[in-house]
Amino acid sequence: MAHVKLHIPGPVEVSEKTFRAFCQPMIGHRGQGFKDLYAKIQPQLQGLLSTRQLVYLSTSSAWGVMEGAIRNLVSKKVLNCMCGAFSDKWLDVSKRCGKEAEALQVPWGSPIRAEEVDKKLATGQFDALTLIHNETSTGVMSPLAEIAALKQKYPDVMFIVDAVSSMSGTKIDFDALGLDVLLAGTQKAFAMPPGLAVFVCSPAALAKAATMKDRGYYFDFVEFQKNAEQSMTPSTPSIGHVYALASKLEDFAAEGLENRFARHARLAQMTRDWAAGQGFNLFPEKGYESVTLTCVSNGARPGGRVVDVAKLQKLVKDQGILIDGGYGKIKGTTFRLSNMGDETEATMKQLYAALDKGLGQLG
Ligand SMILES: *Cc1c(COP(=O)(O)O)cnc(C)c1O
């Protein structure tokens, strides 16, 4: 079967090199070989996240750590900042964990704004908040630095940040921002197979977690820290993922992190320009567009071109490329084009050419 190249916002296309790394022979996860592997990538991960904390590896998808953060850190009430499908879901997950939870809901397409977070936190009801930096369903990036600045005003509130589709696509300085948890799944901007989450906790988060009685075992952040101190994971990880991550971190170093971030920003701008050139509007509020994917309005916003997205998707797929037809309640009234991972100007131009041809065939 011919491979259809992924331009959906996760999972994204995985390189041959990464697959080869993934498929190396197994080693024991308590042996020196594994410890050496983890110890080798630890400083690279710390460099990526600008942190002196140990970076943890959880071979779960991102939701494992997202749920874990709730179980480890919420004792009073959590404020779930909601602006799209993934961030909205975190409220439901908080409640399913038996926690008191409240929504800060903004319309899809809008970012979370610091002023609104400030107002909520000022009530003194909350000991944690969840924020999705890059809301993949709407293609919106919220102003992380402005929101994180509130940590100084509310030092006892745990700032839990999902950077699932932005980590490694843009710079996030964990220590300088003063965040408490930062997490990502690797099938997005890391361009690895799904099944691995990378995350880091502040010392305050670890101290808080240690006081929580019902944090469970599998996603116990204190266990992650204890094991990471010995270059290990609490339970048997998917070792193939760790090999693949080591290979990917080599790629990041070869390109240079700043170059990698700049490439993502440049390619996202190219996609926005392509959309404008074809008469489409964008779904995100102006100034808050993601740098790793573009959510194109197809009727969700007033004005702009409207086409049959399902048909366009099929016409593009016939040319060997998969695009996304919109997520959740904006399926069909938007579509999404990813530039995450290993994409280049040349590969993005192939995507635009396929889209142009598809649009031409739609008439
Ligand atoms: C994909 C995604 C998730 C969910 O990740 P899983 O790997 O399915 O657990 C969470 N948050 C954001 C922002 C995402 O893009």
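Look above for the structure.
What comes next concerns the included structure. Computed from a prediction, not measured in an experiment: that's the story for all the values here. (Residues numbered from 1 in each chain as written. Predicted model: local features only at pLDDT ≥ 70, side-chain atom pairs only at ≥ 80, totals over all residues. Heavy atoms only, no water.)

**Quick notes on the overall build of the chain**
Looking only at helices and strands, one finds 13 helices and 13 strands in the chain. With the C-alpha coordinates of the chain rotated into their principal frame, the extents come out at 60 × 55 × 35 Å. Expressed as a percentage of the 363 residues in the chain, the buried residues total 58%. Total accessible area on the chain is roughly 14100 Å²; 55% of this is exposed by carbon and sulfur atoms. (Helix = DSSP H or I, 4+ residues; strand = E, 2+ residues; numbered from the N terminus. Buried < 20%, exposed > 50% of the residue type's maximum accessible area, 1.4 Å probe, protein only. Areas by Shrake-Rupley, 256 points an atom, 1.4 Å probe, with all protein chains shown as cover.)

**Concerning the nonpolar core**
If you look at the biggest cluster of nonpolar residues, it comprises 83 residues, and the most contacted ones within it are Val117, Leu182, Phe221 and Leu245. Setting aside chain neighbours within four positions, we find Leu245 in contact with Ile41, Leu45, Leu57, Phe190, Met192, Leu196 and Val198. By size, the runner-up hydrophobic cluster in this structure holds 20 residues, among which are Val307, Val309, Leu351 and Leu355. (Core = buried A, V, L, I, M, F, W, Y, C linked by side-chain atoms within 4.5 Å. Contact = heavy atoms within 4.5 Å.)

**Some points on the site of the ligand**
Lining the immediate surroundings of the ligand are Ser61, Ala62, Trp63, Met66, Phe86, Ile132, Asn134, Thr136, Asp162, Val164, Gln187 and Lys188. Separating an oxygen atom of the ligand from a side-chain N or O atom of Thr136 is a distance of 2.4 Å. Within the side chain of Lys188, one N or O atom sits 2.6 Å away from an oxygen atom of the ligand. When isolated, the ligand has an accessible area of 380 Å², and the protein chains bury 89% of it. Ranked by residue count, the leading element in the shell around the ligand is helix 3 (residues 62–73), at three residues. (Near = heavy atom within 4 Å. Polar contact = N/O pair within 3.5 Å; in protein donor to acceptor, adjacent residues only side chain to side chain.)

**Brief notes about the environment of Met212**
By the secondary structure assignment, Met212 is in the loop between helix 8 (203–210) and helix 9 (221–228). For the pair Met212 and Arg52, spaced 160 residues apart in sequence, the C-alpha separation works out to 24 Å. Among residues more than four places away in sequence, those in contact with Met212 are Arg71, Asn72, Leu73, Val74, Ser75 and Lys99.

**A closer look at helix 11 (residues 257–277)**
Taking 1.5 Å as the rise per residue, helix 11 with 21 residues should run 30 Å; its terminal C-alpha atoms sit 30 Å apart, in good agreement. Within helix 11, the full set of buried residues consists of Arg260, Phe261, Arg263, His264, Leu267, Ala268, Met270, Thr271, Arg272, Trp274 and Ala275. Looking at the buried residues of helix 11, the elements they touch are helix 2 (32–49), helix 10 (239–255), strand 11 (293–297), strand 13 (334–338) and helix 13 (345–362). (Expected span 1.5 Å × (residues − 1).)

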